[in-house]
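So the chains spell out like this:
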Amino acid sequence: MSNIESCSDISGRVAPVVDRNRCEGKEDCVVVCPYNVFEIGTLSKSDRSGLTVLGKLKAWAHGNRQAFVVNPGACHACKLCVDICPENALTLRPRSS
Ligand code: SF4
């Protein structure tokens, strides 16, 4: 059984969260997600202010481009994005209602 087939019980109840101190905007999640949950965007000044020193350096080095969860309700909890992210920047967490 694939990840997609086995996740239907929690589909819609979880969504990915991006660790802003880890994401390098490599787009693997955008490519792998079957439900278009992610887009690549640019960190705002407010986003950047919450980063660690290392996170700010990483963000600067990558043009402040990172993954953003633009469609959390479409997440089917398949974990493809979590498994493929080269920076281990993604976790699935329960959605707040
Ligand atoms: S868990 Fe699956 S459906 Fe949800 S965001 Fe990741 S790749 Fe997309």
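The coordinates are above.
Model, not experiment: these values are computed from the prediction. (Residues numbered from 1 in each chain as written. Predicted model: local features only at pLDDT ≥ 70, side-chain atom pairs only at ≥ 80, totals over all residues.)

This brings us to the overall build of the protein chain. In terms of helices and strands, the protein chain carries five helices and four strands. Computed over the C-alpha atoms, the radius of gyration of the protein chain is 14 Å, within 12% of the 13 Å expected from 2.2 N^0.38 for a compact globule of 97 residues. Projected onto its principal axes, the C-alpha coordinates of the protein chain cover approximately 40 × 25 × 20 Å. The buried share of the protein chain, reckoned over its 97 residues, is 23%. (Helix = DSSP H or I, 4+ residues; strand = E, 2+ residues; numbered from the N terminus. Rg over C-alpha atoms; globule rule 2.2 N^0.38 Å. Buried ≥ 20, exposed ≤ 12 C-beta atoms within 10 Å, placed from the backbone.)

Near the ligand, the surroundings consist of 13 residues, among which C33, V37, C75, C78 and C81 are the closest. Taken together, the residues of the shell around the ligand break down into eleven nonpolar, one polar and one charged. (Near = placed C-beta within 6 Å. Nonpolar A, V, L, I, M, F, W, Y, C, P; charged D, E, K, R; others polar.)

Structurally, K79 can be placed in the loop between β3 (65-69) and α5 (80-84). Sequence separation between K79 and L57 is 22 residues, and the spatial gap between their C-alpha atoms is 28 Å.

This part takes up the environment of L92. Within the secondary structure, L92 is located in strand β4 (residues 90-94). Under the C-beta neighbour-count criterion, L92 is labelled partly exposed, with 18 such atoms within 10 Å. Note: C-alpha distance between L92 and D9 (83 residues apart in sequence) is 14 Å. Among residues more than four places away in sequence, those in contact with L92 are V14, A15, P16, A77, K79 and V82. (Contact = placed C-beta atoms within 7 Å.)

For the rest of this paragraph, the subject is unusual backbone geometry. Even without being glycine, N36 reaches a positive phi, approximately 55 degrees. Counting through the fold element by element, N36 comes out in the loop between α2 (28-32) and β2 (38-42).

What follows is about the environment of L51. In this fold, L51 is placed in the loop between α3 (45-49) and α4 (53-61). Classification of L51 as partly exposed rests on a count of 17 C-beta atoms within 10 Å. Taking the C-alpha atoms as reference, L51 lies 5.9 Å from N21; in sequence the two are 30 residues apart. Every residue in contact with L51, bar those within four places of it in the chain, is listed here: R20, N21, K56 and A59.

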